[in-house]
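Residue-level structural notes
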Amino acid sequence: MPINSFLNYPMSWKPDRAQLKRPIYLSLADQLEKEIAGGFLRPGTKLPPQRELADFLDINFTTVTRAYRLCELKGLLYAVTGSGTFVAPSAAQSVTLSTENLVKETIDLGFVSSFESCNDMLTDTISTVVKKRQLSELLDFAHPTGMPHQKAAGANWLEGVGVHTDPEHLAIVSGTQNGLALTLLALFEPGDRIAVDTYTYANFIELAKLYHLQLVPIPGDGEGMLAEELEARHKLNGIQGVFLMPSCCNPTTTVISEERKQALAEVIRKSGMILIEDDIHVFFTAGVVPAYQGPIQRFVPEQTIYLSSTSKPICSGLRVAYLVYPDRFREAIQKAIFNVNVKTSSLDVEIITEAILSGKAAEIVRRKRQLAQERNARFEAVFPEGRETGNPFSFYRWLPIPDKRPGAEVEGKLQENGIRVYHSDRFLTGKREKTAYVRVALSTPVTLEHLNRGLEILKRALEP
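These remarks concern the structure in this document. Given the structure is predicted, the values throughout are model-derived calculations rather than measurements.

1. Details of the pairing of strand E12 (residues 321-324)
By the alternation rule, side chains of E12 split into Ala 321 and Leu 323 and Tyr 322 and Val 324, which are all buried. Direction of pairing for strand E4 (residues 170-173) relative to E12: antiparallel, over a ladder of four bridges. If you follow Leu 170 over to E12, its bridge partner there is Val 324. Note that strand E11 (residues 304-309) and E12 share four bridges and pair antiparallel. Residue pairing across strands places Ser 308 opposite Tyr 322, the latter belonging to E12.

2. Focus: the side chain of Glu 354
In this fold, Glu 354 is placed in helix H11 (residues 346-358). Glu 354 gets classed as buried once you look at its relative accessible area, which sits at 17%. Once you skip the residues sitting within four places of it in the chain, Glu 354 turns out to touch Thr 125, Thr 128, Val 129 and Lys 132.

3. Observations regarding the packing of helix H8 (residues 227-237) against helix H9 (residues 258-271)
Where H8 meets H9, the axes come as close as 9 Å, and the angle between the chain directions of the two elements is 15°. As the angle between them shows, H8 and H9 are arranged roughly parallel. Between H8 and H9 lies a crossing of right-handed hand. The segment H8 lies against H9, with Ala 227, Leu 230, Glu 231 and His 234 engaging Arg 260, Ala 263, Leu 264, Val 267, Ile 268, Lys 270 and Ser 271. Residue classes in the contact of H8 with H9 are distributed as six nonpolar, two polar and three charged.

4. What to know about the pairing of strand E6 (residues 214-218)
Buried residues dominate E6, accounting for five of its five residues. Of the two faces of E6, both are covered, the one formed by Gln 214, Val 216 and Ile 218 as well as the one formed by Leu 215 and Pro 217. Of the strand pairs in this sheet, strand E5 (residues 193-197) and E6 are connected by five bridges, and their pairing is parallel. By the bridge assignment for E6, Arg 193 is matched with Gln 214.

5. Description of the sheet that holds strand E9 (residues 241-244)
Strand order in the open sheet formed by seven strands is E4-E12-E11-E10-E9-E5-E6, and the pairing between neighbours is mixed. With one partner strand each, in any of the chains shown, E4 and E6 form the two edges of the open sheet. Across the sheet, the mean angle separating the axes of adjacent strands is 20° when strand polarity is ignored. In terms of strand pairing, E9 meets strand E10 (residues 274-278) through four bridges, oriented parallel. Note that in E10 the partner of Gly 241 across the bridge is Ile 274. Across the sheet, helix H5 (residues 148-159) touches E4, E11 and E12, and the angle it forms with E4 is around 105°. Helix H7 (residues 202-210) contacts E5, E6 and E9 of the sheet and is inclined by roughly 140° relative to E6.

6. Some details on the nonpolar core
Grouped together as the largest cluster of nonpolar side chains are 41 residues, with contacts concentrated most on Trp 157, Leu 158, Ile 314 and Tyr 322. Core analysis: the next-biggest nonpolar cluster, separate from the first, contains 31 residues, Leu 182, Leu 187, Ile 276 and Ala 336 among them.

7. Side note on the environment of Pro 219
Along the chain, Pro 219 falls in the loop between E6 and strand E7 (220-221). As for Pro 219 and Glu 229, which are separated by ten residues in sequence, their C-alpha atoms are 6.8 Å apart. Not counting the four nearest positions on each side in its chain, Pro 219 is found in contact with Thr 198, Met 225, Leu 226 and Glu 229.

8. Focus: H7
Among the nine residues that make up H7, eight are buried, leaving the element largely enclosed by the rest of the structure. When H7 is considered as a whole, its buried residues turn out to be Ala 202, Asn 203, Phe 204, Ile 205, Glu 206, Leu 207, Ala 208 and Lys 209. The inward-facing, buried residues of H7 contact helix H3 (61-73), helix H6 (176-187), E5, E6 and E9. His 212 lies just past H7 and shows a positive phi near 55°.

9. What to know about the sheet that holds strand E15 (residues 422-423)
Sheet strands line up and pair through hydrogen bonds in the backbone, either parallel or antiparallel. The sheet built from three strands is open, its strands ordered E13-E16-E15 with antiparallel pairing. Strand pairing shows two members of the sheet lacking a second neighbour, strand E13 (396-401) and E15, which therefore form its edges.

10. Remarks on the side chain of Asp 197
As for its position among the elements, Asp 197 is in strand E5. No salt bridge forms around the buried Asp 197; measuring N to O, its nearest opposite-charge neighbour Arg 260 is 8.0 Å away. When near neighbours in sequence (up to four residues on either side) are disregarded, Asp 197 contacts Ile 218, Met 225, Leu 244, Cys 249 and Thr 429.

The rules we used
Residues numbered from 1 in each chain as written. Predicted model: local features only at pLDDT ≥ 70, side-chain atom pairs only at ≥ 80, totals over all residues. Heavy atoms only, no water. Buried < 20%, exposed > 50% of the residue type's maximum accessible area, 1.4 Å probe, protein only. Helix = DSSP H or I, 4+ residues; strand = E, 2+ residues; numbered from the N terminus. Pairing = 2+ DSSP bridges. Contact = heavy atoms within 4.5 Å. Axes fitted to C-alpha atoms, helices over the stretch in contact; angles between N-to-C directions. Parallel < 35°, antiparallel > 145°, perpendicular 65-115°, else oblique. Left-handed = near helix turned anticlockwise from the far one by under 90°. Nonpolar A, V, L, I, M, F, W, Y, C, P; charged D, E, K, R; others polar. Core = buried A, V, L, I, M, F, W, Y, C linked by side-chain atoms within 4.5 Å. Lys, Arg positive; Asp, Glu negative; His and termini not counted. Salt bridge = Lys/Arg side-chain N within 4 Å of Asp/Glu carboxyl O.

Given below as structure tokens:
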């Protein structure tokens with residue numbers, strides 16, 4: 001159909017045909033990316049159907065398909081089978097969460113730290129490690145996946161929360177984020193699809209962009225991702241992996257129920273998908289949340305990469321995490337470690353190992369549980385509508401808000417009031433829902449009084 005016949009035809013996006021250069025699909029994708037970056041195409045915008053856009057531009061249908069596909073790989077778009085193609089929620093901005101760029105005097109309720117006041121509890125442990133005769137052995141390139149005694153200690157530590165493994169199936173990596181990056185690099189190819197919760201860990205969204213992976217949002221409820229929806233989307237889209245945070249989903253704090261774990265595991269087993277289980281909050285779930293019986297990994301061990309970091313339960317700055325893998329992934333995972341990490345600092349790992357073996361780690365966990373319980377009680381006193389939702393020992397809470405403006409505007413308004421929180425747009429992997437939220441970090445303010453002041457400011461700022 002000639003382009004002139006579309007002059008008055010309503011379309012959400014009308015690219016400039018005169019600016020297209022060969023190869024056309026690259027030029028079209030570049031134009032689309034610039035329109036998104038410039039704010040002309042807002043997150044959630046439904047793009048014209050591919051055939052309709054091809055007719056409008058008088059080009060081949062497959063050219064539009066290639067352009068859309070390229071932008072999907074860049075994380076700019078997402079497709080919903082039967083509904084169309086949409087601009088991704090995080091397309092125009094980075095959603096990476098960090099402690100950078102915080103205005104002085106601002107109360108930080110955004111970045112989730114790890115009750116850093118507890119780091120002083122490791123002072124004696126560090127002194128013990130430094131005085132060891134074999135200190136020099138901790139400073140070389142040997143044992144890139146972890147020293148044997150360190151891996152044995154890690155396996156025993158995980159045994160206490162229901163993860164049954166051994167040193168031969170465990171590698172020590174430099175924190176959860178590093179473990180996730182290694183897993184995606186080792187086991188997935190650009191263009192692969194990974195199922196995630198509708199709201200998921202923001203830095204995992206950024207990793208998917210870096211590796212050109214497509215995230216497929218799967219609906220859920222109070223018990224976690226819906227197994228029947230995962231199965232249906234796998235049949236439609238050929239999903240290769242699933243990313244789940246079963247003990248405390250970041251950001252929603254949802255704890256996946258035992259029944260739902262079994263249902264999800266059955267779908268994963270039958271489909272052959274790879275499960276990436278990020279269980280960073282397990283030490284604040286196992287033994288304290290009555291319904292917890294163990295990880296999803298125990299149902300599908302041959303298809304699971306299980307990650308448990310010590311950053312939340314012990315110390316964030318030491319950057320130590322345990323990555324559990326089956327035999328089938330051994331070569332790929334170790335190759336990624338050898339070529340990307342070289343190795344995680346044995347000195348840092350030795351401090352964590354000494355803390356585990358001496359009982360100091362368990363003491364720190366108990367203290368952090370107490371602090372988390374106190375902070376959650378304070379949150380519920382200020383926001384009583386948020387009671388009894390998600391993990392009661394979470395380091396953050398998920399708060400519905402009445403403000404319907406874009407997330408960046410809401411965050412900016414709150415920062416003007418002296419607090420930083422993160423809006424649900426940063427965590428969104430699909431179409432924006434009617435209800436917006438903010439994730440409120442409870443563990444970052446140094447004192448309970450500091451937290452209370454931030455929560456009171458937040459409450460006033462959110463009032464209509």
